[in-house]
Structure formats: structure tokens, C-alpha cells
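Working through the structure, step by step
For reference, the chains in residue letters:
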Amino acid sequence: MKEEILQTSLQQFLHYGIRKVSIQKLVEPLGISTKTVYKYFANKEQLLEEALYLLYKQSFKEWEKRLATYNTVALFFDLWYSGIEIEYNVNKIFYQDLRYYYPALHEQYEALLTKKYKKQLIQIIQRGIAEDLFLHGIITEVIFEAISVLFKAIAREGQFNQFKTTSFDILLNTIAVMIRGFCTPKGLQLLEAHIQHLTKMRVKEKAAAIHV
């Protein structure tokens, strides 16, 4: 039951935000009482803390699926793409509430993410340099921080929502442009081929959905 409460609460937090959602509202889809929740969690903050850790595990599980696949350039692109796909449709109030009302949890969650993802992504950039796919002389930490700023603006802060387009299109016009800038000709060729492949796959998926 604890796992069900966590899974359901996480989805409710992501959809409605944190501050205005009561314990009862969080578990409403399960049809259980708040008394049942308090058997496993001391309060809403503890429930939120464990839900955040669940979100972290789910996000990184998606990343790990891709670590042994594709070439280095495609892998680097896809890791940012998967992160945006996961977070783009989250209600931006969730992150606003987390930063404002639970700053300690927010810092803890961000530190956990940064420690894990930064190490992986910097290693991939360095691998790309060694394979002559990324330009020699770039500063890997600067590249990571620059793309991270864009990622947060796209996925968490909603700065690109005004354009009323897909997260994929926003990705192609922001992070993809930046990645192109530090690719070698060989790396650029691989990147363009991968983007074309993804674009065709999305068109096929859209067509299939229409005919269902």
C-alpha cells in the first residue's frame, strides 16, 4: 500500500502542485482515508520527500536505458530529450511550490539530480571529444551548465510555453542548436541523422494515433 500511496501522490503533486493539495486529495484516487496514509508517513512533507525520491529514481531509470545504446552524439541528445519529455508536462506550479515552500527539499532534490546527471553527462561530452565527435578545447562543465539553464527554462519554468508548440520542436530550436555548435563535422552528421530518425518516428506515431 505504501508504494501505491507514493505513486498516486507523486502523480497528484505533479498535476496539481504541492501547497494547495491536501493529503486527502493526494490519495483520493485510491479511495483510502488519511488515517491509512499516516500509518506510513508522519506528515505531508515526509510524503513529498519520498515522492521526490521516487521521481528521481523513475527519471534516472529512463536515462539508464539509453546509456548503452546509440552513438555518443545521439546518446547525449537523447538524454536531454528524455528529461524534457518527462518534465515538460508537469504543472509548473509543482516546481514553484517546491522552491518556495520547501526550499530544503528542493535543494536536496537538485543536489541529488546534479550529482548523478552532471557526472554522466560530462563523461559523455569527454567521450565525444575523444571520439572526435565534439570539438577539442570546449570546457565540459560550461557546456553542461549552459544546457542545464536551457533545460530548466523549457521543462520547469515554462518560458517557452508561449510558443504553443511541442517540447520536441522547442528542443530542436534550443538545445539541439547548442549541441550543433560544439560538434565536429563527423559529430554533426551523426546528430542530423539521429534527429531525422526521431522526426520520422514521431510522424509515424502521430499518423498511427490518428487512425486508431
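Small disclaimer: the values here were computed from a predicted structure and weren't measured.

1. Digging into the layout of surface pockets
- As a volume, the largest pocket reaches approximately 270 Å³.
- Considering the residues around the largest pocket, the lining is formed by 17 residues, among which Trp80, Leu113, Tyr117, Phe151 and Arg156 are closest to the centre.
- Per-class residue counts for the lining of the largest pocket are eight nonpolar, four polar and five charged.

2. Let's talk about helix H7 (residues 103–130)
- Between its first and last C-alpha, H7 extends 39 Å over 28 residues, near the 40 Å set by a 1.5 Å rise per residue.
- One or two positions beyond H7, positive phi appears at Asp132, with a value near 60°.

3. Here's the deal with the packing of aromatic side chains
- Tallying each qualifying case throughout the model produces 13 aromatic pairs.
- Aromatic pair Phe77 and Tyr81: ring centres 6.2 Å apart, planes at 45°, arrangement tilted. Separated by four residues within a single helix, Phe77 and Tyr81 lie in helix H5 (residues 72–87), roughly one turn from each other. Neither Phe77 nor Tyr81 differs from the other in exposure class; each is buried.
- Judged by centre distance (5.3 Å) and plane angle (55°), the rings of Tyr81 and Phe168 are tilted. Highlighted residues: Tyr81 in helix H5 and Phe168 in helix H9 (residues 167–172), separated in sequence by 87 residues. One exposure class covers both Tyr81 and Phe168, and it is buried.

4. What about the environment of Leu47?
- Here Leu47 shows up in helix H4 (residues 44–66).
- For Leu47, a relative accessible area of 0% puts it in the buried group.
- Placed 24 residues apart in sequence, Leu47 and Ile23 show a C-alpha to C-alpha distance of 9.1 Å.
- Excluding its chain neighbours within four sequence positions, the residues that come into contact with Leu47 are Ile5, Leu6, Ser9, Phe13, Ile23, Leu26, Val37 and Phe41.

About the thresholds
Residues numbered from 1 in each chain as written. Predicted model: local features only at pLDDT ≥ 70, side-chain atom pairs only at ≥ 80, totals over all residues. Heavy atoms only, no water. 1 Å grid on protein atoms, 1.4 Å probe; cavity = no way out; pocket = protein on both sides within 12 Å on 5 of 7 lines; lining within 4 Å. Points joined across faces, edges and corners; volume = space filled by probe spheres on them. Nonpolar A, V, L, I, M, F, W, Y, C, P; charged D, E, K, R; others polar. Helix = DSSP H or I, 4+ residues; strand = E, 2+ residues; numbered from the N terminus. Expected span 1.5 Å × (residues − 1). Phe/Tyr/Trp six-rings, centres within 6.5 Å; stacked < 30°, edge-to-face > 60°. Buried < 20%, exposed > 50% of the residue type's maximum accessible area, 1.4 Å probe, protein only. Contact = heavy atoms within 4.5 Å.

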